[in-house]
Amino acid sequence: MALEHAILVSLLEKPGSGYELARRFERSIGYFWTATHQQIYRVLKRMEGDGMLAVREVAQQGRPDKKEYSVAAPGSAALSRWLHEPIEPESMRHDLAVKIRGAAFDDPAALIREVERHHAVHSGRLAHYLAGERRDFTGPDAPVPLDQGRELQHVVLRGGIAYERMTIAWLDDVLATLHRLGGPPPA
């Protein structure tokens, strides 16, 4: 997937400035597709030049005017074409898995702290996803029924939740194996 497609999806969900778009990437879409602020601004400028985006100047008090981007007809057409193209299934390139296999030729216990660090990161991400799900989809303030766009956002979030739960379960298995092979007992 090109960054352009992620930007088109995000702007179709809600038009916004480059800064607002970068913040959205940090909060939600960035868990599935990452980009730096510089990459986002560079691609926005190119997409604007290609006619894929409409830009509206928004006056701000006490600050410079900002550009608010929305998707123009050519951008919608490009996204539609991409949505109808087949994509390759995700390949799993997993550095930690290679390290774990490589530990057979060194000290497996040396990986315990690294695996624990990964566990903490994935646990934090799962907590973030679950809090977002409660806030946006299942909590008392969530709109019911959800519209089509929100249903699709929720199914992607549920995929992220399932992935994090699966990863945490695998990391628990890895830690148990490392401990069994001679590492110190879990704290």
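### Things to note about the overall build of the protein
- Within the protein one finds 7 helices and 2 strands.
- Here the protein has a C-alpha radius of gyration of 21 Å; the compact-globule value for 187 residues is 16 Å, and the former is much larger.
- Overall, the C-alpha framework of the protein stretches about 65 × 40 × 40 Å when taken along its three principal axes.
- For the protein, the proportion of its 187 residues judged to be buried stands at 33%.

### Describing the environment of Gln 60
- Inspection of the secondary structure assignment puts Gln 60 in the loop between β1 (53-58) and β2 (66-71).
- The partly exposed category is assigned to Gln 60, whose relative accessible area is 22%.
- On a C-alpha basis, the gap between Gln 60 and Glu 90 in space is 43 Å, while along the polypeptide they are 30 residues apart.
- In this view, Gln 60 contacts Asp 65 and Lys 66; residues no more than four positions away in its chain are not counted.
- Here the side chain of Gln 60 touches Arg 63 through a polar contact of 3.1 Å, side chain to side chain.
- From its side chain, Gln 60 meets the backbone oxygen of Pro 64 in a polar contact 2.7 Å long.

### Details of the confidence of the model for the protein
- Per-residue confidence for the protein gives a mean pLDDT of 88, with 94% of residues at or over 70.
- Mean pLDDT across the elements of the protein bottoms out in helix α2 (residues 18-27) (85) and peaks in β2 (95).

### Description of the side chain of His 119
- Tracing the backbone through its elements, the reader meets His 119 in helix α6 (residues 112-138).
- You can call His 119 buried: its relative accessible area is 19%.
- Ignoring sequence-local partners within four residues, the contact set of His 119 consists of Ile 168, Leu 171, Asp 172 and Leu 175.

### What to know about the nonpolar core
- If you look at the biggest cluster of nonpolar residues, it comprises 21 residues, and the most contacted ones within it are Ile 7, Leu 11, Phe 25, Ile 40, Leu 44 and Leu 53.
- Counting only elements with at least two residues in this core, the list comes to α1 (3-13), α2, α3 (37-49), β2 and α4 (73-83).
- If we skip the residues at most four places from it in the chain, Ile 7 touches Leu 21, Phe 25, Ile 40, Val 43, Leu 44 and Met 47.
- Grouped together as the second largest cluster of nonpolar side chains are 9 residues, Leu 96, Ala 103, Val 115 and Val 174 included.

### Some thoughts on the domain arrangement of the protein
- Domain annotation of the protein identifies domain 1 (1-84) and domain 2 (95-182).
- Centre-to-centre, using C-alpha coordinates, domain 1 lies 28 Å away from domain 2.
- Note on domain 1 versus domain 2: buried area summed over both sides is about 440 Å², and carbon and sulfur give 62% of it.
- Here domain 1 and domain 2 share 0 salt bridges between them.
- Put simply, domain 1 and domain 2 have 1 residue pair in polar contact (both at pLDDT 80 or more) between them.
- Of the residues assigned to the side of domain 1 that touches domain 2, the class counts are 2 nonpolar, no polar and 2 charged.

### Considerations on the pattern of salt bridges
- Taken as a whole and assessed by the stated rule, the structure comprises 7 salt bridges.
- The partner of Arg 46 in a salt bridge is Glu 4, and the shortest N-O contact between them spans 1.7 Å. Taken as a pair, Arg 46 in helix α3 and Glu 4 in helix α1 lie far apart in primary sequence, 42 residues in all.
- Residue classification places Arg 46 among the partly exposed positions, given a relative accessible area of 40%.
- Residue class for Glu 4 comes out buried when judged on its relative accessible area of 16%.

### Some details on the environment of Leu 3
- Checked against the element boundaries, Leu 3 lands in helix α1.
- C-alpha of Leu 3 to C-alpha of Gln 39: the two residues are 36 residues apart in sequence and 8.5 Å apart in space.
- Sequence-distant contacts of Leu 3, that is, excluding residues within four places in its chain, are made with Phe 25, Trp 33, Ala 35, Gln 39, Ile 40 and Val 43.

### Some words on the side chain of Ser 17
- For Ser 17, the position within the fold is in the loop between α1 and α2.
- Dropping the residues within four chain positions of it, Ser 17 is found in contact with Lys 66, Lys 67, Glu 68 and Tyr 69.

Reading guide: rules and limits
Residues numbered from 1 in each chain as written. Predicted model: local features only at pLDDT ≥ 70, side-chain atom pairs only at ≥ 80, totals over all residues. Heavy atoms only, no water. Helix = DSSP H or I, 4+ residues; strand = E, 2+ residues; numbered from the N terminus. Rg over C-alpha atoms; globule rule 2.2 N^0.38 Å. Buried < 20%, exposed > 50% of the residue type's maximum accessible area, 1.4 Å probe, protein only. Contact = heavy atoms within 4.5 Å. Polar contact = N/O pair within 3.5 Å; in protein donor to acceptor, adjacent residues only side chain to side chain. pLDDT = per-residue confidence, 0-100. Core = buried A, V, L, I, M, F, W, Y, C linked by side-chain atoms within 4.5 Å. Domains from an automatic or database assignment. Buried area = accessible area lost by both parts, 1.4 Å probe. Salt bridge = Lys/Arg side-chain N within 4 Å of Asp/Glu carboxyl O. Nonpolar A, V, L, I, M, F, W, Y, C, P; charged D, E, K, R; others polar.

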